[in-house]
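# Observations on the model geometry
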Amino acid sequence: MTPVSGDNEAVNRILAGESGTIETTSSSGELDLIGFAQVPELPWGVMVITPSATALAIINTMTQNTLISTGFIILATGALGAILALGVTRPLRRLVAGITEMGQGNLDYQIATNTGDEVGDLSRAINDMARELKYTLVSRGKLAKEIIERTQAELALKEKEARLQSLFS
């Protein structure tokens, strides 16, 4: 065993009865990690000196792996978010295009409904509404045509009646 010289902080702390770790600069200028402890019930102390780079290599590797894993998770989350966003926006775009087409008078246009969600329910409801509106417009058109025909027939009948009345007079 080598007797302690007392010119090292770790040595001074061991002699003071302390235990712990410190980081110091070695004579070559590298950082060293020193772990030291008093041996219980003996007038001895234990000191282990390791270069900090060696002692912290595992932690540095774990930190690097964690950062890489976090990066991959962020990328995967972004890609999944983009896919989900497309899955939501595509049916909405079809819905808007269909409503625009129907608004321009094309009541025969049918919005594609591939989904069973709320957007699909809304698309089907709009398709049903367009079908009912077309039926109503066609029915009103037929009714208007019938009213015009009856009005024309009534006018013709009144003209005949007026002629007959004038002939009778």
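Just so it is clear, the structure is predicted and the values come from calculations on it, not from any experiment.

### Side note on the overall build of the protein chain
Regarding its fold elements, the protein chain presents four helices and three strands. For the protein chain, the N- to C-terminal ordering of α and β elements is α-β-β-β-α-α-α. Principal-axis analysis of the C-alpha atoms places the extent of the protein chain at approximately 155 × 30 × 25 Å. Look at the contacts in the protein chain between residues 6 or more apart in sequence, and 22% of them connect residues 24 or more apart. Accessible surface, the protein chain as shown: approximately 13,200 Å² in total, 63% of it carbon and sulfur.

### Re the sheet that holds strand β2 (residues 31–38)
Taken together, the three strands give an open sheet; going across it, the order is β1-β2-β3, and neighbouring strands pair in antiparallel fashion. Taken across any chain shown, the strands that pair with only one partner, and hence form the sheet edges, are β1 (20–25) and β3 (45–51). Across the sheet, the mean angle from the axis of one strand to that of its neighbour is 25°, orientation sign disregarded. Strand direction decides the pairing type here: β2 and β3, joined by seven bridges, are antiparallel. Within β3, the position partnered with Asp32 by the bridge is Pro51.

### A word on unusual backbone geometry
A positive phi angle is found at Glu41, which is not glycine, with a value near 65°. Tracing the sequence through the fold places Glu41 in the loop between β2 and β3.

### A closer look at the packing of helix α3 (residues 57–103) against helix α4 (residues 118–168)
Where α3 meets α4, the axes come as close as 10 Å, and the angle between the chain directions of the two elements is 10°. The angle between α3 and α4 falls in the class roughly parallel. For α3 against α4, the interelement crossing comes out left-handed. Across from Pro91, Leu92, Leu95, Ile99 and Met102 in α3, the residues of α4 making contact are Val119, Leu122, Ser123, Ile126, Asn127 and Ala130. For the contact of α3 with α4, the per-class residue count stands at nine nonpolar, two polar and no charged.

### Here we look at α3
Compared with the 69 Å implied by 1.5 Å per residue over 47 residues, the 68 Å span of α3 between its first and last C-alpha is a close match. Of the positions making up α3, those classed as buried are Pro91, Leu95, Gly98 and Met102. Of the residues one or two after α3, Gly105 is the one with positive phi, at around 105°.

Conventions we followed
Residues numbered from 1 in each chain as written. Predicted model: local features only at pLDDT ≥ 70, side-chain atom pairs only at ≥ 80, totals over all residues. Heavy atoms only, no water. Helix = DSSP H or I, 4+ residues; strand = E, 2+ residues; numbered from the N terminus. Contact = heavy atoms within 4.5 Å. Areas by Shrake-Rupley, 256 points an atom, 1.4 Å probe, with all protein chains shown as cover. Pairing = 2+ DSSP bridges. Axes fitted to C-alpha atoms, helices over the stretch in contact; angles between N-to-C directions. Parallel < 35°, antiparallel > 145°, perpendicular 65-115°, else oblique. Left-handed = near helix turned anticlockwise from the far one by under 90°. Nonpolar A, V, L, I, M, F, W, Y, C, P; charged D, E, K, R; others polar. Expected span 1.5 Å × (residues − 1). Buried < 20%, exposed > 50% of the residue type's maximum accessible area, 1.4 Å probe, protein only.

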